[in-house]
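Working through the structure, step by step
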Amino acid sequence: MAFRVSVSGRGRRERRTPRLLVLASLAVCISMCRAASTPEEDESAMENIVTEKKAEESHRQDSADLLIFILLLTLTILTIWLFKHRRFRFLHETGLAMIYGLIVGVILRYGIHVPRDVSNITPSCLVNASPATLLVNVSGKFYEYTLKGEISASEVNDVQDNEMLRKVTFDPEVFFNILLPPIIFHAGYSLKRRHFFRNLGSILAYAFLGTVISCFIIGLLMYGCVMLMKKVKQLHGEFFFTDCLFFGAIVSATDPVTVLAIFNELQVDVDLYALLFGESVLNDAVAVVLSSSIVAYQPEGDNSHTFEAMALLKSFGIFLGVFSGSFSLGVATGVVTALVTKFTKLRDFQLLETALFFLMSWSTFLLAEACGFTGVVAVLFCGITQAHYTFNNLSPESQDRTKQLFELLNFLAENFIFSYMGLTLFTFQNHVFNPMFIIGAFIAVFLGRAANIYPLSFLLNLGRRNKIRSNFQHMMMFAGLRGAMTFALSIRDTATYARRMMFSTTLLVVFFTVWICGGGTTQMLSCQRIRVGVDSDQDNSMSIAEGSERRSTKQESAWLFRIWYNFDHNYLKPILTHSGPPLTTTLPACCGPLARFLTSPQAYENEGQLKDDDSDLILTDGDINLTYGDITVSTDATGVHTSSGPAASCDDLDRELAYGDHELVMRGTRLVLPMDDSEPPFTDTHHRMRM
């Protein structure tokens, strides 16, 4: 037994010996490597450690900056709930977000100071220019530095604080590529087409002609103000007439989100709501293209700020080309999405369907910007096209998802932008506040809005049966708020003295209009005695019964819209959606194979009709065959034919604009009347059939 124990202990010692030899060898190798390493390698290793620590600190700082904005939005949402609960209408959520942003901006600017690290600062370096990227040779190693902006002489000693403030100042492209697309798309996707098309002529006049008038009125007045500033030596940099026109273009973009929210809550007159909403939707698109055209104004020769007729015509051509190209691109993307959702079985997979809809809609903005067009115009008309066609092809689940998704994104993006506006007033480091320019800007904005509303309203009333009353005009004048689009256009370029002064002044204009004009909306409605609590459905029913609504609708929808409506009902709707009459009945006989291929089976069977805010009258089974041409031929179940002229067709179209989305089944015929989902069904005694 003792012999066995001694042999076992010797075996363990023999097995441990190789392990100890290996460990000893590793220790010797490590010590030799350390002895052989040069001081330069040791210094490089220390630099890597310092760099990693700085990267980690920067990551934490970025997370803290984003957390600030998340907390701002959270606080805004909770306060909005409190305001709605208490029915407090003197301050809208956007104005509230701006106040919270201002408070946080003051704290970041004056309440938090980062200790200055003098060892990391080189006081001077002789360079003749300010390159965007700088390569620095330090002891044979090249380091790349990126230009972050000019620092005034008074802020040289606060470099660390400047760095902290710079981190909470986002790249302007973030607004254009991430925050603006959902806001603009939601405006087009949620557009109430019934009231929009009923006032289409007036909306186009305010949006296109009115924006151009406002731009030039403001530009001319501001140029006079700049000339006065030069005479009294209050201008410390170059400021040209094209800069004044650019300022006029960006502050002509209205964003009455505060007023419209109060209008919706108080149920203000639907025509006033439609005029303001329609103008603001198209007005933003026009202002973006107009500002781009002004920037593109380049006369020949050395002086690029002189007047030249050819350069002016070229800028006008750029305006038309960019707007039409952006419009075509947005509509094309919507049409492609409609065709994909119609001819595939994506509606069986609601998550994939919603994801495709979201990506196609957002990519429209980026595609337009990449092609040299304007993403705002493209995504706006993409939203209108998606709502008119693609929405009908989506499954009910995807319809609800897309509505809620873009409504949520619009709410978050808009409140984020307004919070950031308040923050930027104190964190932006290159503000240029000039009292004369600011006072001149407020006067010019007021006069420009007046030159837009009152003369155009007078001219439009000459051709309207449903007049734009004077109290409506005063309310539209008062509701010309500036908001997200004006801010995004002004912050996109702050490289020159003139642009920085415009940006600082624009912030003050937005603050004033949102707080004062937005907060005084309720009082203005009472002062102007504008009806509130108006039920749009009852209003339309009463007007149709009296005949006045029918007359105004004919006046507004004739001639262009009626031609478009007939073409859309007979051809586009059947091609792009599952609704509308079969193409085999509307296309010539020679197009039979193509018509059968493009027509959805639902159009033949009249099953699975999808709801749409302005769906068409779908009449099948041979009881009634209704077309929207000059003659309407009706055939009842007994085979008796009756016909009516253009007046009957006009009346049918008027009913479609006033009612919708409810089905009446009569003798095997499904009648789809266009309405909002919340509207009650309507039965017309003129078309009632004997059962």
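Only a predicted model underlies this, so the values are computations on that prediction, with no experimental measurement involved. (Residues numbered from 1 in each chain as written. Predicted model: local features only at pLDDT ≥ 70, side-chain atom pairs only at ≥ 80, totals over all residues. Heavy atoms only, no water.)

This brings us to the overall build of the chain. The number of helices and strands found in the chain is 26 helices and six strands. Burial status across the chain gives 48% buried among its 691 residues. A separation of at least 24 residues holds for 75% of the contacts in the chain among residues at least 6 apart in sequence. Carbon and sulfur atoms form 64% of the exposed surface of the chain, whose accessible area is close to 35200 Å². (Helix = DSSP H or I, 4+ residues; strand = E, 2+ residues; numbered from the N terminus. Buried < 20%, exposed > 50% of the residue type's maximum accessible area, 1.4 Å probe, protein only. Contact = heavy atoms within 4.5 Å. Areas by Shrake-Rupley, 256 points an atom, 1.4 Å probe, with all protein chains shown as cover.)

Before going further, it helps to spend a moment on the pattern of salt bridges. Working definition: two side chains of opposite charge can pair if their charged atoms are close together. Taken as a whole and judged by the stated rule, the model has five salt bridges. Note that Arg-60 is salt-bridged to Glu-56, the shortest N-O span being 2.9 Å. Taken as a pair, Arg-60 and Glu-56 lie in helix H2 (residues 39-86) at a separation of four residues, close to a single helical turn. Classification of Arg-60 by relative accessible area gives exposed; the value is 56%. Its relative accessible area of 44% is what places Glu-56 among the partly exposed residues. Among the salt bridges present, the one from Arg-492 reaches Glu-369, with a minimum N-O distance of 3.8 Å. A residue pair is termed long-range when its members are at least 10 positions apart, and Arg-492 in the loop between helix H17 (484-491) and helix H18 (497-519) and Glu-369 in helix H12 (residues 350-370) qualify at 123 residues. (Salt bridge = Lys/Arg side-chain N within 4 Å of Asp/Glu carboxyl O.)

This part covers H17. Counting buried residues along H17, eight of its eight residues qualify, which places the element largely inside the surrounding structure. Of the positions making up H17, those classed as buried are Ala-484, Met-485, Thr-486, Phe-487, Ala-488, Leu-489, Ser-490 and Ile-491. Contacts made by the buried residues of H17 are with helix H5 (172-189), helix H8 (241-250), helix H10 (270-295), helix H13 (375-393), helix H14 (396-427) and H18.

Okay, H12 next. In this model, H12 (21 residues) spans 30 Å end to end at C-alpha, consistent with the 30 Å of a helix rising 1.5 Å per residue. Taken as a whole, H12 carries its principal kink of about 30° at Thr-364. Buried within H12 we find Glu-353, Thr-354, Phe-357, Ser-361, Trp-362, Thr-364, Phe-365 and Ala-368. Its buried side turned inward, H12 meets H5, helix H11 (309-343), H13 and H14. Directly beyond the C-terminal end of H12, a positive phi value near 90° is found at Gly-372. (Expected span 1.5 Å × (residues − 1). Bend = angle between axes of the 7 residues up to and from the residue.)

Glycine aside, negative phi is the norm for most residues, and most peptide bonds take the trans geometry. Positive phi, normally seen in glycine, also occurs at Lys-233, with a value near 60°. With respect to the helices and strands, Lys-233 occurs in the loop between helix H7 (200-231) and H8. What makes Lys-233 exposed here is its relative accessible area of 69%. Backbone geometry places Arg-529, a non-glycine residue, at a positive phi of 55°. By secondary structure assignment, the location of Arg-529 is in the loop between helix H19 (521-528) and helix H20 (536-546). Residue classification places Arg-529 among the exposed residues on the basis of a relative accessible area of 77%.

Among the nonpolar cores identified, the biggest contains 124 residues, and Met-222, Phe-239, Phe-247, Phe-263, Phe-437 and Phe-487 are the most heavily contacted of them. The greatest single-element share of this core, amounting to 13 residues, is contributed by H10. In this structure Met-222 touches Cys-244, Phe-247, Phe-437, Gly-440, Ala-441 and Ala-444, once residues within four positions along its chain are discounted. (Core = buried A, V, L, I, M, F, W, Y, C linked by side-chain atoms within 4.5 Å.)

Below, the discussion takes up the packing of H14 against H17. Axis separation between H14 and H17 bottoms out at 10 Å; the angle between their running directions is 50°. The orientation of H14 relative to H17 falls into the category oblique. With respect to the hand of their crossing, H14 and H17 are arranged in left-handed fashion. Contacts between H14 and H17 involve Ile-417, Phe-418, Tyr-420, Met-421 and Thr-424 on the former and, on the latter, Ala-484, Phe-487 and Ile-491. (Axes fitted to C-alpha atoms, helices over the stretch in contact; angles between N-to-C directions. Parallel < 35°, antiparallel > 145°, perpendicular 65-115°, else oblique. Left-handed = near helix turned anticlockwise from the far one by under 90°.)

What follows concerns the packing of H17 against H18. It is at 9 Å that the axes of H17 and H18 come closest, and there the two elements cross at 170°. Comparing their axes, H18 and H17 come out roughly antiparallel. Facing Thr-486, Phe-487, Ser-490 and Ile-491 of H17, the residues of H18 in contact are Phe-503, Thr-506, Leu-507 and Val-510. Within the contact of H17 with H18, the residues separate by chemical class into five nonpolar, three polar and no charged. (Nonpolar A, V, L, I, M, F, W, Y, C, P; charged D, E, K, R; others polar.)

Any functional reading would require information beyond the geometric quantities listed.
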